[in-house]
Amino acid sequence: MSTNEQANAGAVVPFPARISAAVADADTASIIAVLQDQLVLAREGKLRSVAVVSVSADGEAVGTQWSCKGADITGLIGKLTVLTHDLMAARK
C-alpha cells in the first residue's frame, strides 16, 4: 500500500448533499427501508455482523458482501452461498 493510500485508508468520504433524483417505487423503498433499519442497529452497537446479497436491477449480477467478527465469517459465507444459489435458481 502506498503512502497516499495509507493516508486515505481511514478517510471518510461524505456523500453529496443531494443525491440525484430517482423514481420512487415500492421495490426501491423496501431496499432503502431495510438498509436504514440496519444502519440504526449498527449505530446503536446492536450488530456484530452483517451479510448482504445484492441482485442487479436486470437480474444478471449477484454480489455478496459481509462485515463480521472472525468467528462469524464461516457461517455468514455459508448462508450467503445458499441464498445466492437460491436467488440464481429462482431467476431461471
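Please refer to the structure placed before this passage.
Residues numbered from 1 in each chain as written. Predicted model: local features only at pLDDT ≥ 70, side-chain atom pairs only at ≥ 80, totals over all residues. Heavy atoms only, no water.

Asker: What's the story with the overall build of the protein in this structure? I'm lost.
Answerer: Helix and strand counts for the protein come out as three helices and two strands. Listing every helix and strand of the protein by position from the N terminus yields α-α-β-β-α. The buried share of the protein, taken over its 92 residues, is 5%. In the protein, the share of contacts with a sequence separation of at least 24, taken over all contacts with a separation of at least 6, comes to 31%. (Helix = DSSP H or I, 4+ residues; strand = E, 2+ residues; numbered from the N terminus. Buried < 20%, exposed > 50% of the residue type's maximum accessible area, 1.4 Å probe, protein only. Contact = heavy atoms within 4.5 Å.)

Asker: Is there a simple way to explain the side chain of aspartate 72 in this structure?
Answerer: Looking at the element boundaries, aspartate 72 is found in the loop between β2 (62–67) and α3 (73–91). A distance of 2.4 Å separates polar atoms of two side chains, one belonging to aspartate 72 and the other to serine 49. For aspartate 72, the residues in contact, after removing those within four places along its chain, are Arg48 and Ser49. (Polar contact = N/O pair within 3.5 Å; in protein donor to acceptor, adjacent residues only side chain to side chain.)

Asker: Help me out: how do you make sense of the pattern of salt bridges in this one?
Answerer: Note that side chains of opposite charge can pair when their charged atoms are close. Per the counting criterion, the structure on display carries two salt bridges. The closest approach of N and O atoms between lysine 46 and glutamate 44, which form a salt bridge, is 3.2 Å. Classification of glutamate 44 by relative accessible area gives partly exposed; the value is 46%. Residues arginine 48 and aspartate 72 are paired through a salt bridge, measuring 2.4 Å at the closest nitrogen-oxygen approach. Taken as a pair, arginine 48 in the loop between α2 (26–43) and β1 (50–55) and aspartate 72 in the loop between β2 and α3 lie far apart in primary sequence, 24 residues in all. (Salt bridge = Lys/Arg side-chain N within 4 Å of Asp/Glu carboxyl O.)

What is shown is where atoms sit, not what they do.
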